[in-house]
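Structural characterization, general
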Amino acid sequence: MTKRVHSRDVQEATKNLLEERGVTVLDIAEIVYEMQMPFNGGLTLEDCIFSVERVLRKREIQHAILVGIELDRLAERGQLSEPLQSIVESDEGLFGIDETIGLGAVLTYGSIAVTTYGYLDKNKIGIIKKLDTKGGGGVHTFLDDLVASICACAASRIAHQMRDIEEVEEEMAFVDIDL
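Quantities reported herein were computed from a predicted structural model and do not represent experimental measurements. (Residues numbered from 1 in each chain as written. Predicted model: local features only at pLDDT ≥ 70, side-chain atom pairs only at ≥ 80, totals over all residues. Heavy atoms only, no water.)

Here we look at helix H3 (residues 45-55)
Taken together, the buried positions of H3 are Cys48, Ser51, Val52 and Val55. The buried residues of H3 all sit within an arc of 100° when viewed along its axis, so they share a single face. (Buried < 20%, exposed > 50% of the residue type's maximum accessible area, 1.4 Å probe, protein only. Helix = DSSP H or I, 4+ residues; strand = E, 2+ residues; numbered from the N terminus. Arc of directions from axis to C-beta.)

Structural data, given as structure tokens:
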């Protein structure tokens, strides 16, 4: 019989793995803030933290994180078979599977998330850059792309919410208050 894993357990495992790998919700939220601030003057870091937390509740994101981090950890211990071990360990430029997993995770958040992910993959900022340059040691072949994916999803979430708020405000401007 197959064991079902409760959503709460998957979410907790995901957050714990990120933290064990040196990535906090705040690290991610700071990138989201940097990406969305030019478009939303009222944005706060707390808004970005909330958005990141919501993204981390999505199963697609959680599963991508669990798989990617596990592959990074196996590569650190030398437990992948060759030639995959060398490819993942060196983060070979033509590998692309790490980006494919990150890109797959952003697809549920629309084209804004996809283009933001592409930008972050190319222009690595914040914790993404630290992970990509192996600043803290270890193998982060998948993790840097997964963090970029989370950032892109959270930024897209905020962009869509801002549009919704603007539309409600426009509709409210036409409401006759002198009923």
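Still more ground to cover, so stick around.
Quick notes on the packing of helix H2 (residues 25-36) against H3
The N-to-C vectors of H2 and H3 enclose an angle of 115°; their axes lie 8 Å apart at closest approach. Handedness of the H2/H3 crossing: right-handed. In contact with Val25, Leu26, Ile28, Ala29, Glu30, Val32 and Tyr33 of H2, H3 contributes Leu45, Cys48, Ile49, Val52 and Glu53. A breakdown of the residues in the contact of H2 with H3 according to their chemical character gives ten nonpolar, no polar and two charged. (Axes fitted to C-alpha atoms, helices over the stretch in contact; angles between N-to-C directions. Left-handed = near helix turned anticlockwise from the far one by under 90°. Contact = heavy atoms within 4.5 Å. Nonpolar A, V, L, I, M, F, W, Y, C, P; charged D, E, K, R; others polar.)

Describing the environment of Glu70
Note on placement: Glu70 falls in helix H4 (residues 59-76). For Glu70, a relative accessible area of 32% puts it in the partly exposed group. In this structure, the C-alpha to C-alpha distance between Glu70 and Leu143, residues 73 residues apart in sequence, is 9.7 Å.

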